[in-house]
Amino acid sequence: MKIQQGFSLVQVWRYVGLASLLLLVTWQWTIQIDSSLGISALASGWVLFGVLAFLALFSIRKRLPFMPLAPSAIWFMLHTVGGFLALFLFWLHTDAMGSKGFYGQVLTILFYITSISGVIGLFMEKVIPRQLTCSGVEIIYERIPGEIAAIREEVESLILKCTEEVGTSTLAEHYLETLNWYFQKPRFFLNNVFGGHLSQHWVRQQCMILERFLSEKEREFLDKVYSLAEKKRKIDFHYALQTLLKTWLLVHIPMAAAVTAMVIWHLILIMVFFV
Amino acid sequence: MAITTQERPQRWDQPFGLFMTDQDVDRLLTFPEISAIEESKFPAHCSLKGILKNDARVIKYSAGDIVIREGDYGNSAFLVLDGSLKVVLFPGLPGEMLGRRTIRKKTLWQAFKQLWTQRKTPEVRDVKSQGQHSLVRATEALGSSQVFLQDVPAILDKNKTASLGKGALFGELAALGRTPRTSTIFAETDAELLEIRWQGLREFRKYDQGWRRLIDQRYRANALNAHLRATSIFSHLDDKDLQEVADATLFETYGKFDWHLTYNKLQTKEKTLGIKDEPIIAQQGDYSDGILLVRTGFARVSIDRGNGQQTLTYLGTGDFYGADEIFRAWQGDSNVSLRVTITALGYAEMLRVPSKIVEKHLFAYWSSGREGFRKGALQSSVESRRMQDYIDRTLTDGALLEWAVEERFVNGTQAMLINMDRCVRCDDCVRACSAAHDGNPRFIRHGKTFENWMVANACMHCADPVCMIGCPTGAIHRSMSGGMVIINDDTCIGCETCANSCPYSNIRMVSIRDDVGNFITDPQNQKPILKATKCDLCADQISGPACVFACPHDAMRRVDFRETELDENTTGF
Amino acid sequence: MDENKFGHDQSQYERPNLPYRCGRASLWQTPCNNGPETNGTCGGIQECTPFLKNDRWECRRDKRFGGPCEEGPGSRGECSIQRPPCAPRSTLRTIRGRLVVLAVGVVLALIGSSLALDPSVGSMISISNAGPLSKSHAKFTEKVGCSSCHAAHGTGPIGWIKAVFNDSDLSSQCVNCHSFGGPSFKAHNANMSPERKVADTQCVMCHLEHSGSTVSTKSLTPEQCNSCHKKDFESFEHGHPEFSGKYPYFNRNSIKFDHSSHLNKHFENPKFSDKSPKSCIGCHTITLSDREVRPNIYEVICASCHDSQIKKKELILLRLPELMQNLIDQKSLVQACNFPNAHAKMEEEFLSISTEQPALVSAFLLNIPDDDPEAYEQPLQDLILAMAEESSVPFTELIDSQTETSMSKRLLAGLNPEVLKRAACSWGLNQEYESPSEAKFGGWYADMLEVRYKTAGHGDPVAKSWVEFALAVSKQQDDEDKASRAVAMRDQILSVKDGVGGCVKCHAITEVKESSGGTRLVVDWGYKNEDGRPYVTYKHDDHIEILGAKNSCSTCHIVNKEVDYMASYKEFDAGKWVSNFDPIRKKTCMQCHSETQINLECQNCHKYHFKPSFKKDMLTVKAEHPSSTL
């Protein structure tokens, strides 16, 4: 039995095709309404509202994992395709710039923030996992503080042991001056986000500076410290990228909620005052 | 740091019965079944008395106590010393009576209700509803608890039963064959039983003619025919021919019965060398002398490649190998030797059907009629081609399977496999799991990884569920419907046997709390009450495994490695 | 991660569903084993709760967390590993939840404030504001606010709910101020084709608001026109039908101005070279010209040549004709005329002083033949006697008896009764009347044998009245004789040569239908406005501005020399008129209005509404609040 993960090209195109079809039908519909002197914004608005409601349903679906609804993967796929569809429908509905009122402007800005954050999030979700896998370690986000603390403790006990066994404090002093900073918490966040090697370079630099002042015995300790620093570097990398994977939702979801609230009010106003 | 030293663990460091005395042993020797054993045949390091003292124990059962439950996995056999027992015949007792959890799928509304009824505090148990707790009572002899039946006359009334009297031996097939108990046996009157664990039983079979004959005969009589009958190549045989095949079949046992206990202690490095230590069942290049059937356990199929062995696949219960080679040899093809090496993975019991019998009953049939020939040729060619496919596979293609075999993940039928290239670490699976289990996750999204594949710490619902061996109350059991391994929280006494037995650490003990969130402790010693928890494959949920359904990126699958070939999708969606 | 941590006694379930995470961990310190409680308090103050067993305190630390600790419990049973409590932090997910609540809260607060705030204060930041209005609407809705158009505004929740289920008829609010020359909600404000059922129109079909002061609410796209007009086409260049054959000269000119003869003959004539205009704008006023470029007034553009012609043409009201015998009662005459020696010649044989025929006007009034003295002798001499006795009264009576409404006052305006009486006295005595003075500046006068009217100039009211009288009476006679006399009189008065003032030389006479069903002849005294095509617009002004004032007219208006322009005026049917300009064709317009050049949209030339205006009360409101000017 072959297990296929994800969606094949055909399936993806099928979804995209369906979305395009809906867009096309709506577009034709608005043209037809326009030419019979109707208010086409009502048609495109309702379709857009439907699509937005469907997008919002994804959040509800996530709260109901025990219900026999379609797999989340399909929902995500539809959410993605639907998100782009909503963007096009929004353009159809408002001519891209939204209405000129304060309300319309706020709604437009929030809608774009939601859309753009969604696109960025999608991009990250498709790119970052692979990078994380390549790092060679795997760690649960919530365990990173504990892991870093454990590494720090280990490094510190190594330093103490070195001082005790060798009797010199060269390594300890250097540690306190430089590496101690590194082991306190995740460092080089931005550099890690952009896949830089600053972290590795920095640690190596600190060790190289020290190396010629150390005895053979001390060097052994330094090597161990270095390997722990390497371990922490990978965890830092995970921290940086996993933070990205989690924090983009801090923008997307609250904004989406605000958009939803505003859309409902918009709908009420239209129903009361216009239709 | 203080250096801790430990003596090399010896056999019988931990005796089976804690309270067995020499007097008990002497008394046992007066029973005819024991006295018939020739004590002199036993070697010094493993004397009869030693076995009786360390690998056996005398247990007293009160009327109504369940001795063995249908569906349980056990590692011991019982000899009735005194009293009378009842075997419940088909259809058997309902699960609740045995202290099992009945899986009832939730209704749509019940499922939906979980949205607000799931608890915010972890591991809350409803202490007021004792429910099935009353089924559990302490049995002093075991130092633990037992499940008992409450209304024996009614059970006798409603069910067909058979009696077991003094001197009866039962449970030995399940113990040696690692198969589930086929029926429930309970004490009709107060009874005294000798329980012999599988190690002792194995020695009895090895050194005593009488016991071996008894055990083998029982196996041949009860299980072998059914096993052969269920094997596709023998399905055409009539009863008489089948009996002839059965009579000629050889039993072979490879590896250690309790491999899982030592397996976890091995370092990673040793594991990769494991193949060298595995008992060889058949060697590549050797002349094939019969068809090999796996009775229980797993066998690794590998070939020599370079300086090492490449694992091609593995054989599980019901699989067989070798028909193709002997068939070709029988047809006159010279230079037909085994193309692969077969080794036991941990523990394997094999059946070897000798070539002569195969030729007589199988090949003769294959070449007799048109239909038989077609079937035979097809069988042979399919088998050959499949094996050739495995051999032709590149190292990269086979690497995942090899790793899975190495890590014994092949045991699992529902291993949680996560593609870390797709996983965005959102923990939706964990949250879904907890939502489906009253606010408690039942797996951890960590685990061994190979390339981008992670087998997460979730119960794999093994084909050979070693966790179930030794559960004193039968709380952990295999569901009759669906085959998943389930723990009945109500009858779980928190003894950790299962958690310690699971080679994959997929069972976790949790301290339970009351409604308010306080830990529930044992009033006698203030120790927190523990419960064993693990994935139940969302047995009572209508959605199926919530974790898989909740994954927005389709990164997770529950897989059986043998049946699975992972095909990564290139679209990324 | 360290593989050892996969062990069942090495790690616990991660619980991402819980709301708190260890405060120590958030500061990158070692998190405690227990983790925060679900209520957000620290759960890791101590490692275990020791238990008193056989007078000894036993450590209860779980083996997952390292088993019993080395120190063991203190003497009073306290755990030896005590930590100050941490302050657990919220998980990212909880924070996200709060942000959601915050975002929705802010939106709801904005909505709430927009409802609660006075609109005049909060309209700018009102979240419910749909956008700024167009300039004019913005101004006059300033005071009333949204409810000027949105009826549901300010009606409270119940009103809103009702509004959801009812159509909010915005268009009916529009006509509170706007009015039209026809039904407001019919296409083009007219019942174009009553036999076809056409849906009512609504203002919002085309006019949408809230797009700001810079966006016109009036623009119309060809697509919108095409939604009704079945013959749909892309643009003016592509598909617009050819103009009709007469375009744009549909209606007969009220002035018979033959452009052809004037331009080619008279203006070229050196005799008039000082008077003739140099170009079209010599006569036509182009400033502020709209669809029509009107000619200037008579006095400015015609009088210099035509004024003298008008004064020459007089009306003869009465002429003493040839008589056979004197039938006037001399006694009465003498009494009337107050003659001292009147009877002297009475016995002489009568010899008529006049050999003329009676005037056609008086012949008609008295209904007498003008060629048979025996027939007209008696009534005419009776009239003269009556004139001598009562001056103009007999005429007044005669004239008024001809028409339903009295016209005598206008017809005989300025007639001196004394002159008339004296003339009658003279004629009664069969003598010529000697006028003491001639009417130099026009007006009534009697001379020799006639009572005449001399036209004072262009627009003379008496002359106009006589023309109208002649037209009026010529149509309503039952008696055949009288009818022929009326026609004879009419022909004389309307005659270009002899008619009084020669009005109809230039003024057209048109036969118009009357409401009663009959027809009536009307003189087109005034300049007739083009009012038959309310849906078309054309701005001469703009075109002239671009093409230049001098010769631009002939770009489109080309004189047709072949056409007999004047011929059509001989008949009274205005429909048979032919302009002496060539009709304008589409290609003329397309010289400029083509794809690549100038706007081709329908609205350029066609108007949708019929006589759009404002309602009176709306205008009064404007007057009362002069501050809010449009």
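Residues numbered from 1 in each chain as written. Chains lettered and ligands numbered in written order. Predicted model: local features only at pLDDT ≥ 70, side-chain atom pairs only at ≥ 80, totals over all residues. Heavy atoms only, no water.

1. Overview of helix α13 (residues 373–390) of chain C
Residue and element names in this part refer to chain C. Under the 1.5 Å per step criterion, the end-to-end length of α13 is 24 Å for 18 residues, consistent within 8% with the ideal 26 Å. Among the residues making up α13, those that are buried are Pro-373, Tyr-376, Glu-377, Leu-380, Gln-381, Leu-383, Ile-384, Leu-385, Ala-386, Met-387 and Ala-388. The secondary structure elements touched by the buried residues of α13 are β6 (314–319), α11 (330–337), α12 (360–366), α14 (393–400) and α16 (417–428). Positioned one or two residues after α13, Ser-391 has a phi angle of 60°, which is positive. (Helix = DSSP H or I, 4+ residues; strand = E, 2+ residues; numbered from the N terminus. Expected span 1.5 Å × (residues − 1). Buried < 20%, exposed > 50% of the residue type's maximum accessible area, 1.4 Å probe, protein only. Contact = heavy atoms within 4.5 Å.)

2. With respect to the sheet that holds strand β2 (residues 66–68) of chain B
Remark on secondary structure: sheet strands pair via backbone hydrogen bonds, oriented parallel or antiparallel. Residue and element names in this part refer to chain B. The strand order β2-β9-β4-β7 describes an open sheet built from four strands, whose pairing is antiparallel. Edge positions in the sheet fall to β2 and β7 (161–164), since each of these pairs with one other strand and no more. The mean angle between the axes of side-by-side strands here comes to 30°, regardless of whether they run parallel or antiparallel. (Pairing = 2+ DSSP bridges. Axes fitted to C-alpha atoms, helices over the stretch in contact; angles between N-to-C directions.)

3. Points about the sheet that holds strand β18 (residues 444–450) of chain B
Residue and element names in this part refer to chain B. Taken in spatial order, the four strands line up as β18-β19-β17-β24 in an open sheet, and their pairing is antiparallel. The sheet is open, and its two edges are formed by β18 and β24 (556–559), each paired on a single side. Between one strand and the next, the sheet's axes are offset by a mean angle of 35°, whatever the strand orientation. Sheet analysis places strand β17 (residues 415–419) next to β24, joined by four bridges and oriented antiparallel. Looking at the pairing, Leu-417 lines up with Arg-557 of β24. Relative to the sheet, helix α16 (residues 395–406) contacts β18 and β19 (453–457), its axis offset from that of β18 by approximately 120°.

4. Re the packing of helix α8 (residues 209–230) of chain B against helix α9 (residues 239–248) of chain B
Residue and element names in this part refer to chain B. At a minimum axis distance of 10 Å, the contact between α8 and α9 shows a crossing angle of 110°. When the interaxial angle is binned, α8 and α9 end up roughly perpendicular. Note on packing geometry: the crossing formed by α8 with α9 is right-handed. Judged by residue contacts, Arg-220, Leu-224, Asn-225, Leu-228 and Arg-229 of α8 engage Asp-239, Leu-242, Gln-243, Val-245, Ala-246 and Asp-247 from α9. Class assignment for the residues of the contact of α8 with α9 results in five nonpolar, two polar and four charged. (Parallel < 35°, antiparallel > 145°, perpendicular 65-115°, else oblique. Left-handed = near helix turned anticlockwise from the far one by under 90°. Nonpolar A, V, L, I, M, F, W, Y, C, P; charged D, E, K, R; others polar.)

5. Description of the domain arrangement of chain A
Residue and element names in this part refer to chain A. What the domain assignment reports for chain A is domain 1 (9–135 + 248–274) and domain 2 (141–243). A C-alpha centroid distance of 46 Å is found between domain 1 and domain 2. On the side of domain 2, five residues touch domain 1, which itself brings four residues to the contact. Between domain 1 and domain 2 the total buried area reaches about 480 Å² when both faces are included, carbon and sulfur atoms providing 69% of it. Scanning the region where domain 1 abuts domain 2 turns up zero salt bridges. In this structure, the connection of domain 1 to domain 2 is made through two residue pairs in polar contact (both at pLDDT 80 or more). The class makeup of the residues in the side of domain 1 that touches domain 2 is two nonpolar, two polar and no charged. (Domains from an automatic or database assignment. Buried area = accessible area lost by both parts, 1.4 Å probe. Salt bridge = Lys/Arg side-chain N within 4 Å of Asp/Glu carboxyl O. Polar contact = N/O pair within 3.5 Å; in protein donor to acceptor, adjacent residues only side chain to side chain.)

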